Amino acid sequence: MSEIIECIHCGENCGKHPIVWEGKNFCCEGCKTVYQLLNENKLNTYYDIYDAPGIKVDVQDFGKKYAYLDNEEISKKLVYFKEGEYSKVKLYVPDIHCSSCIWLLENLFLLNKSITQSTVNFIKKEVDITFKNADISLREVVELLASIHYIPMISLESITGEQNKSENKTLIIKIGIAGFVFGNTMLLSMPDYIPGGELLTKEFKNFFGYINLFLSLPIILYCGNDYLLSAYKNLKHKMVNIDLPISIGILTIFFESAYEILSSTGTGYMDSLAGLVFFLLLGKWYQNKTYQALSFERDYKSYFPVAVSKLVDGEEVIIQLNEIAVGDQIIVHNQELIPADGILTKGEANINYSFVTGESKPVFKRSGDELYAGGKQIGSTIVIEVVKEVMQSKLTQLWNQDGSSSGEKDLTTIIDRISKNFTFIILATAFSAAVYWFFNDTSLALISFTSVLIVACPCALALSIPFTYGNIMQAFGRIGFYLKKSEVVEKLSKMDTIVFDKTGTITHIDALSVKYHGKELSSDEISWVKNLSRQSQHPLSKAIFDSIESPINNKIEDYMEIASSGIKAVFGNNKVKMGSASFVNYDTKDKANSSIVYLSVNDKVLGWYSVENKYREGVDNLANSLGKQFELHIISGDNDAEAERLKHIFGDKLIMHFDQSPMDKYNYIKSLKEQGKKVLMVGDGLNDAGALKESYIGISIADDVFNFSPASDAILEAKQFHRLPKLIDYSKKGIKIVYASFVISFLYNIIGISFAVSGQLSPIIAAILMPISSITVVAFVTIAARFAMRKL
């Protein structure tokens, strides 16, 4: 027997005459072309993740196949972001099937430099691509994907968003057909189950058997084809999933029954086959309905914490994001995100779209220009007129796309490994049971074999984590604690060190604590101070702004904010600065007992604002509770005026560092990580964004306007700051619920498989039990999580 030569790209048989390039065998020119393309761009790692991970490529000239994408109207419907030279598109690619696919698709920029970023959603089989529209068109992006045989499925559904409805309709049709076949095959098989059936002549029995065989064809070819195709495609790529044992069970019953009917040795089990597929599909539909009823993702997005300043009759009014309507005038301050697509109506904007495109270079905009959600304003305050309905899910997606894996083995990784090996264990168990009963009682061999394959299911195991975490996220969201991803729940339970920023985190400032010292200011100078402080979201600037009742009548120019130093701008011919002593070039050796903001006009210091820090409600109890469990640190850009008081509140073990720049904070977190500590950083997201991002988990504290910090893993409303110890405890309870659900899932499988192996469980009952197990676990984790969170 001649040796089979496998293609290095797709793994298929190359035949007797393979195509050879540099000692590598290929089955066709297409696979060789893809390999050469990857090799030229140094993407050989693609072949290191799985053996032969690629998909067989049919060489073809695309010609005008994708020419319709040059149509501007169609392109607009697919491209959801276009600003300057950057565009973003999300494409459904059904051929994404393994980690090699993810690796390759997220390295598209190495294949074409005009693609700046690409991220894959493996569950939805979607790839989100950012590209330079001046250098590469949407059509060329799609053709690039098609050339490496990751062909996007572009249809009316992908443009209008109706794809899910179509999938649900197909499932209902399959259930209807399977139910019809099940009912009729049961009727025709009735003589086998009732007394007197043996009196039926052999001719009638054979005739009924042939009708059952005919009726079962739609079950195999249509109703159950999802399971069969899924198993086949995974096997083709040397992968095994849970659809494989189900498919083996379906095919075993079908071929055994077909043999008995055609050989006239029996009537077969076509009614069991139809019932099996019917209940599998019905369970799938019911699972979907259950998950929708208990859905946490929709609620999580509705809690997404972005509030905005709306202009109403010349006054700023704080409203929730979901209250924005088309035509509203929105005020966006320096360093704030634009929450909805709109038109710039007042001011000049410098928009940083790095949150969307990854490119940090600001884009200059004038009045009348279009602005996209997700851009960050850098400079003075601007006013935007909303032109598109707010999409909270879009902002949530942008928040989630920024983040890298720590490489840590979390519960999800462990479950994935268990699920992967689970299928092999089930196959071995089923074959062992079949062999045993074949030699002891042949009538039970087929029943035990198929029942084991059907009743065993790791789905409940896989669902316990997302539903537990999801319900916790929903409960947290209701009290003002918003998590970036569900993995944050597990991280909260594992961290061992907490680092607090001071100003705006453990302390807050109000207008009543602000006092001015120095030369008496003119009405113009007071107006300049109010206008300048209005531009910044720093707690000290906001407190000074709120303390001044003077109207704003001046046009601001050349605004600039330097983190941890100060802010400056020009009013007419007057240069105004507010900030630290060094920022305004003021030499002082006085020891301050409060936060000081110096004021200079035309390089002459006129005076300073003293701002008393007030500690947040419940900080004493918070410090006492957390100090018993964790190592506590405080890092601040402020002076050490509060050092003694902080020691009194947090205890002698507290580690403090003052006069820290944003880079100092970042390096400090980095040094703690290098010591092996899992650091929870709690800050306000203004001067500590780098530290928040570098930490194991970062929480941004948000006051009146919910400042959105993309660098953070979670956002906690300031009024809920005192609940931080309880939130950490609830995260630990969530992990216990996950472990309890694991026990339930294992017990179900052990008991179910025990009955199946003994031949006491029919395939139909197994098909009913399989989805019930998943629903039971989902219901348990939902009820348990909500019960645990009830005090919130």
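One structure accompanies this document, and this report is about it. The structure presented is a predicted model; accordingly, all values stated were derived computationally and were not measured.

### Section: the overall build of the protein chain
Inference 1: Along the protein chain, the regular secondary structure elements total 27 helices and 30 strands.
Inference 2: Sorting the 792 residues of the protein chain into buried and exposed places 50% on the buried side.
Inference 3: In the protein chain, of all internal contacts separated by at least 6 residues, the share reaching a separation of at least 24 is 68%.
Inference 4: Working note: accessible area of the protein chain is about 37200 Å², and carbon and sulfur atoms make up 55% of it.

### Here's the deal with a nonpolar patch on the surface
Inference 1: A contiguous nonpolar patch, built from Val743, Leu747, Ile751 and Phe755 and spanning about 360 Å² of accessible area, is present on the exposed surface.
Inference 2: Among the structural elements, Val743 can be located in helix H26 (residues 724-757).
Inference 3: With relative accessibility at 47%, the residue Val743 sits in the partly exposed group.

### Side note on the sheet that holds strand S19 (residues 514-518)
Inference 1: Reading across the sheet, the six strands line up as S19-S24-S23-S22-S21-S20 and stay open at both edges, with antiparallel pairing between neighbours. The strands lining the two open edges of the sheet, one partner per strand, are S19 and strand S20 (557-562). On average, adjacent strands in this sheet sit at an angle of 15° to one another, irrespective of strand direction.

### Re the packing of aromatic side chains
Inference 1: As enumerated under the stated definition, the model contains 15 aromatic pairs in all.
Inference 2: With centroids separated by 6.2 Å and ring planes inclined at 50°, the aromatic side chains of Tyr598 and Trp608 adopt a geometry described as tilted. Placement of the pair is Tyr598 in strand S23 (residues 595-601) and Trp608 in strand S24 (residues 604-611), with a sequence separation of 10 residues.
Inference 3: Put simply, the rings of Phe204, Phe207 and Phe208 pair up and form one aromatic cluster.
Inference 4: A cation over an aromatic ring shows up here: Lys174 above the ring of Tyr222, its NZ or CZ 5.2 Å from the ring centre.
Inference 5: Its guanidinium or amino end placed over the ring of Phe583, Lys577 lies 5.6 Å from that ring's centre, counting from NZ or CZ.

### A few points about the pattern of salt bridges
Inference 1: Counted by the stated rule, this structure contains 13 salt bridges.
Inference 2: Notably, a salt bridge pairs Asp70 with Arg139, separated by 2.8 Å at the nearest N-O pair. Here the residue Asp70 occupies a position in the loop between helix H2 (46-49) and helix H3 (72-78), and Arg139 occupies one in helix H6 (residues 138-147), the gap between them amounting to 69 residues.
Inference 3: Accessibility expressed as a relative area gives 46% for Asp70, which makes it partly exposed.
Inference 4: Where Glu525 meets Lys519, a salt bridge forms, and the shortest distance between an N and an O atom there is 4.0 Å.
Inference 5: A relative accessible area of 42% means that Lys519 is categorised as partly exposed.

### Quick notes on helix H11 (residues 243-262)
Inference 1: The end-to-end C-alpha distance of H11, which contains 20 residues, comes to 28 Å, matching closely the 28 Å that a straight helix rising 1.5 Å per residue would cover.
Inference 2: Taken from the residues just after H11, Ser264 is the one with a positive phi, measuring 60°.

### A word on the sheet that holds strand S4 (residues 86-92)
Inference 1: With respect to topology, four strands assemble into an open sheet ordered S3-S4-S6-S5, the strand pairing being antiparallel. If you trace the sheet from one side to the other, it starts and ends with strand S3 (79-83) and strand S5 (115-121), each paired once. For this sheet, the mean angle separating the axes of adjacent strands, direction not counted, is 15°.
Inference 2: Here S4 runs beside strand S6 (residues 126-132); their pairing, made up of seven bridges, is antiparallel.

Thresholds, definitions, all that
Residues numbered from 1 in each chain as written. Predicted model: local features only at pLDDT ≥ 70, side-chain atom pairs only at ≥ 80, totals over all residues. Heavy atoms only, no water. Helix = DSSP H or I, 4+ residues; strand = E, 2+ residues; numbered from the N terminus. Buried < 20%, exposed > 50% of the residue type's maximum accessible area, 1.4 Å probe, protein only. Contact = heavy atoms within 4.5 Å. Areas by Shrake-Rupley, 256 points an atom, 1.4 Å probe, with all protein chains shown as cover. Patch = residues over 30% accessible without salt bridge, like charges linked within 9 Å, V, L, I, M, F, W, Y side chains within 5 Å. Salt bridge = Lys/Arg side-chain N within 4 Å of Asp/Glu carboxyl O. Pairing = 2+ DSSP bridges. Axes fitted to C-alpha atoms, helices over the stretch in contact; angles between N-to-C directions. Phe/Tyr/Trp six-rings, centres within 6.5 Å; stacked < 30°, edge-to-face > 60°. Lys NZ or Arg CZ within 6 Å of the ring centre and 35° of its normal. Expected span 1.5 Å × (residues − 1).

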